[in-house]
Amino acid sequence: MKKINSLIFFFFFFFLFFPLNLYTLLFSVLFMRYFLAIPLPEDVKKKLHAVSVVLSQFKGLRFVSPDNMHLTLLFLGENGALSKMDELKKVSFKPFKLVLSGVEVFPSTGRVRLVWVKLEDSEELVSLQKRLSKIFGIKKSFRPHVTLARVKRLDAEDKDLLFNVVEKITFPKIKVEVKNFKLYSSELTVLGPVHRVI
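Parameters at a glance
- Note on numbering: residues in each chain are counted from 1, in written sequence order.
- Thresholds applied to this predicted model are a pLDDT of at least 70 for local features of residues and 80 or more for the giving and counting of side-chain atom pairs; totals over whole chains, interfaces and linings are not thresholded and use all residues.
- By convention in this description, side-chain values take in all heavy atoms of the structure and omit both hydrogens and water.
- The secondary structure listing takes helices from DSSP runs of H or I that are at least 4 residues long and strands from runs of E that are at least 2 residues long, numbered from the N terminus.
- Any helix carries an expected span of 1.5 Å times its number of residues minus one.
- Each residue's exposure class comes from its accessible area (1.4 Å probe, protein chains only) as a fraction of the maximum for that residue type: buried when under 20%, exposed when over 50%, partly exposed otherwise.
- Here the arc refers to the set of directions running from the helix axis out to each C-beta atom.
- By definition in these notes, contact holds between two residues if any of their heavy atoms fall within 4.5 Å.
- The pairing criterion is simple: DSSP has to find at least two bridges between the two strands.
- For helices, the axis comes from a line fit to the C-alpha atoms of the stretch in contact; other axes are also lines fit to C-alpha atoms, and the angle between any two N-to-C directions lies between 0 and 180 degrees.

Enquirer: Looking at this model, I keep getting lost on helix H5 (residues 123–136). Mind explaining?
Expert: Every α-helical turn comprises 3.6 residues, leaving residues that sit three or four positions apart pointing alike. Under the 1.5 Å per step criterion, the end-to-end length of H5 is 20 Å for 14 residues, consistent within 8% with the ideal 20 Å. Looking at H5, one finds that the buried residues are Leu125, Leu128, Gln129, Leu132, Ser133, Ile135 and Phe136. The buried residues of H5 occupy an angular sector of 155° when projected down its axis, which confines them to one face. In this structure, H5 carries Glu123, Lys130 and Lys134 as exposed residues pointing more than 90 degrees from its buried face. Tucked into the core, H5 has its buried residues touching strand E1 (32–39), strand E3 (70–77), helix H4 (85–89), strand E4 (96–106) and strand E5 (114–119). At the exit of H5 stands glycine 137, carrying a positive phi of roughly 65°.

Pasting the structure below:
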């Protein structure tokens, strides 16, 4: 009985004083994901973060940290990413330019999920994404964007206001030169997702 009481006390003490470390460890193990993306230059991240600041009045938005901003090419999920590293290293292309052209709410009807920056059409980008999709045998529609915020909750009034504010944002076009892409891991922690280049 004394041993049982000691164990109960130990676990109570551990969960009481070290919950963050334990939960972070569990989330790291259970929620590791991989994706391919184009990294953004620091000056571009700063400009996009300035747009996020304009939208900070909306408490129902969860904003992407500038450090985590990127342009996703392909979401890979949990498995198979590391086994394709040799094939990914063989993918080469000539540098090309992308143009970030404006802020949008997605979707435009129904339940709002994201606020993102859209891009002008790019044949080079689409071609690269198709090549990567072929390597992994993944067929999904590709709508290139840079996510600024994810919507947690918005009532009807805030939703209408969000559309109005986004529509009035002055967004000068931003050119981004693409020279490479990266394989990222995404670790979902209690403090939010953490992206790391593999």
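Enquirer: Sorry, what's going on with the sheet that holds E5 here?
Expert: For sheets, the rule is that strands pair by backbone hydrogen bonds, running either parallel or antiparallel. The strand order across the open sheet built from five strands is E2-E6-E5-E4-E7, with neighbouring strands paired in antiparallel fashion. Sheet topology places strand E2 (61–63) and strand E7 (174–178) at the edges, where each strand pairs with a single neighbour. Put simply, the sheet's adjacent strands are angled 35° from each other on average, direction ignored. Judged from the three bridges that link them, E2 and strand E6 (residues 145–151) form a sheet pairing that is antiparallel. Across the sheet, the residue bridging to leucine 61 is valine 151, located in E6.

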